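# Topology and contacts: notes
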Amino acid sequence: MNDIRFDGRVAIVTGAGGGLGREYALLLASRGAKVVVNDIGSPDELLGTGNSDTPANSVVAEIRALGGEAVADTNTVATGDGGRAIVAAGLEAWGRVDVVINNAGIVGPIKTFGELTDEDVDTVLGVQLLGPFNVLRPAWKAMVDQGYGRILNISSGSMFGQGEACTYPTAKAGMIGMTTNLGLAGPAYGIKVNALLPVGFTRMVENMPEPALSWLRDTFPVAAVAPVAAFLVSEDVPCSGVSFSAGGGRFARVFLGETQGVTSSRLTVEEVRDRFAAAMETDRAATIDNVSDELALYAATLAGR
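Described below are features of the structure shown in this document. (Residues numbered from 1 in each chain as written. Predicted model: local features only at pLDDT ≥ 70, side-chain atom pairs only at ≥ 80, totals over all residues. Heavy atoms only, no water.)

### Section: the sheet that holds strand 1 (residues 10-14)
This is how the line gets drawn: For two strands to be treated as a pair, DSSP must find at least two bridges joining them. The helix count covers DSSP runs of H or I at least four residues long, the strand count covers runs of E at least two residues long, and both are numbered beginning at the N terminus. Inter-axis angles, ranging from 0 to 180 degrees, are taken between N-to-C directions of lines fitted to C-alpha atoms, where helices are fitted over the stretch in contact. Here a residue-residue contact requires only that any non-hydrogen atoms of the pair lie within 4.5 Å.
Strand order in this open sheet of eight strands is 3-2-1-4-5-6-7-8, and the pairing throughout is mixed. In this open sheet, the two strands that pair with only one neighbour each are strand 3 (69-73) and strand 8 (250-254). Strand-to-strand twist of the sheet, defined as the mean angle between neighbouring strand axes without regard to direction, takes the value 20°. Where strand 6 (residues 191-198) and strand 7 (residues 243-247) come together, four bridges link them in parallel fashion. Note on strand 7: the bridge partner recorded for alanine 195 is serine 243. Its contacts with the sheet put helix 5 (residues 130-146) on strand 1, strand 4 (99-102), strand 5 (149-154) and strand 6, and the angle it makes with strand 4 is roughly 170°.

### A look at the packing of aromatic side chains
The condition is simple: Planes of paired rings set the category: under 30 degrees apart is stacked, over 60 is edge-to-face and the rest tilted, where pairs are Phe, Tyr or Trp rings (Trp by its six-membered ring) whose centres lie within 6.5 Å. Only protein chains enter the accessibility calculation, which uses a 1.4 Å probe. A residue is then buried if its area is under 20% of the maximum for its type, exposed if over 50%, and partly exposed in between. Placement of a positive charge over a ring is assigned whenever Lys NZ or Arg CZ falls within 6 Å of the ring centre and within 35 degrees of the normal to the ring plane.
Inspection of the entire model under this criterion finds one aromatic pair. Their ring planes at 80° and their centres at 6.1 Å tell us that tryptophan 140 and tyrosine 189 sit as a pair that is edge-to-face. Here tryptophan 140 is found in helix 5, whereas its partner tyrosine 189 is found in the loop between helix 6 (167-185) and strand 6, with 49 residues between them in sequence. The class of tyrosine 189 is partly exposed, set by a relative accessible area of 39%. A cation over an aromatic ring shows up here: arginine 9 above the ring of tyrosine 148, its NZ or CZ 3.7 Å from the ring centre.

### Quick notes on the pattern of salt bridges
Let me state the cut-off plainly: By definition, a salt bridge exists where a carboxyl oxygen of Asp or Glu is found within 4 Å of a side-chain nitrogen of Lys or Arg.
Inspection of every chain in the model, using the stated rule, returns twelve salt bridges. Residue glutamate 271 pairs with arginine 275 through a salt bridge whose shortest N-O separation is 2.9 Å. For glutamate 271, a relative accessible area of 19% gives the class buried. Among the residues examined, arginine 275 registers a relative accessible area of 32% and is labelled partly exposed.

### What about the nonpolar core?
Cut-off, in case you're wondering: We call a set of buried residues a nonpolar core when its members are Ala, Val, Leu, Ile, Met, Phe, Trp, Tyr or Cys and they connect through side-chain atoms within 4.5 Å of each other.
Of all hydrophobic cores here, the largest spans 37 residues; its most connected members are Tyr24, Leu28, Val35, Val37, Ile63, Ile101 and Leu196. A per-element tally of this core places helix 1 (residues 19-30) first, with seven residues. Leave out the neighbours within four places in its chain, and leucine 196 touches Tyr24, Leu152, Asn153, Ile154, Ser155, Val225, Val228, Ala229, Leu232, Phe244, Ser245 and Ala246. Within the second largest apolar cluster, 21 residues are counted, among which are Ile86, Ala104, Met143 and Ile151.

### Topic: helix 5
For the record, the criterion: By this rule, a helix spans an expected 1.5 Å times one less than how many residues it contains. Note that the bend at a residue is defined as the angle between axes fitted to the seven residues ending at it and the seven residues starting at it.
Here helix 5 is 17 residues long and its end C-alpha atoms lie 25 Å apart, about the 24 Å a rise of 1.5 Å per residue gives. Along its length, helix 5 reaches its greatest deviation from straightness, about 30°, at leucine 136, and the proline proline 138 lies no more than four positions downstream. Within helix 5, burial applies to Gly131, Pro132, Asn134, Val135, Leu136, Pro138, Ala139, Trp140, Ala142 and Met143. Just downstream of helix 5 lies glycine 147, where phi reads positive at about 75°.

### Regarding unusual backbone geometry
Glycine aside, negative phi is the norm for most residues, and most peptide bonds take the trans geometry. Not every positive phi belongs to a glycine, and arginine 284 is a case in point at roughly 65°. Within the secondary structure, arginine 284 is located in the loop between helix 10 (276-280) and strand 10 (286-288). Arginine 284 sits in the exposed class, given a relative accessible area of 65%.

### Focus: the environment of glycine 186
One can find glycine 186 in the loop between helix 6 and strand 6. By relative accessible area, which is 0% here, glycine 186 ends up buried. Those residues in contact with glycine 186, other than ones at most four positions away along the chain, are Trp140 and Ile191.

### Section: the side chain of serine 155
Here serine 155 shows up in the loop between strand 5 and helix 6. The residues touching serine 155, leaving out its near neighbours within four places in the chain, are Lys172, Ala173, Ile176, Leu196, Leu197 and Pro198.

Shown next as structure tokens:
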């Protein structure tokens, strides 16, 4: 089979000044893509404070040194104006936008839930959840007009649950909802939208305690995630609205499911209590890809009532 290439394609990678984003940008460029390397250059990846054009420019220099084409962009994804400017950078340089990887992110301060301030919440959600909206709205218009697009929303395994400091995982879970919905709408326009939950050793995990820190560093190089990301934004990707996990040379589908549940003709509070364990049983659980799947499950289970 032919190698997967991105010749003639224009890709925007947000948060591409280092870590996972840099790997996505470098791999796409090595396969022929023209890349908008977006990064505000924050020296503190946890809090997203400060800015510098050095990280974005450095990655652009790497790409150009290897014979590729790239431009640097230092606009923030956290505002509508920033998102429009990022997309405009691709349109002005090359006249189209074919790929968007929504990778920019910050963790925010590590606090108990009750300690979180309004600013803490607004800052993290503004980058992690509103950021993809800000970039994708103008990018979506360009993709619809040209009849082609590939979008990859970078989520996180933290959405499975990591405890009380939940602004970051809540935003990452929200990106799964965005992916599912745009993934349903996109194919009618030639656009496919998927999500990736990467496991890679980046600055975001450098404060983890040992021995977990050493295991992550030795097992999950960021370069191992990039091939999965590149395939998910390629012409060959067969699916839309699907989420995947990737890291350490492994990749797998991530999906929502629903148990068969309990059915009653006259459900009471007491019956809910008495049959609660049965509703929790995961044997024969069904995969739920969209709201129609859930309604179909209800129709099937209620039919014999």
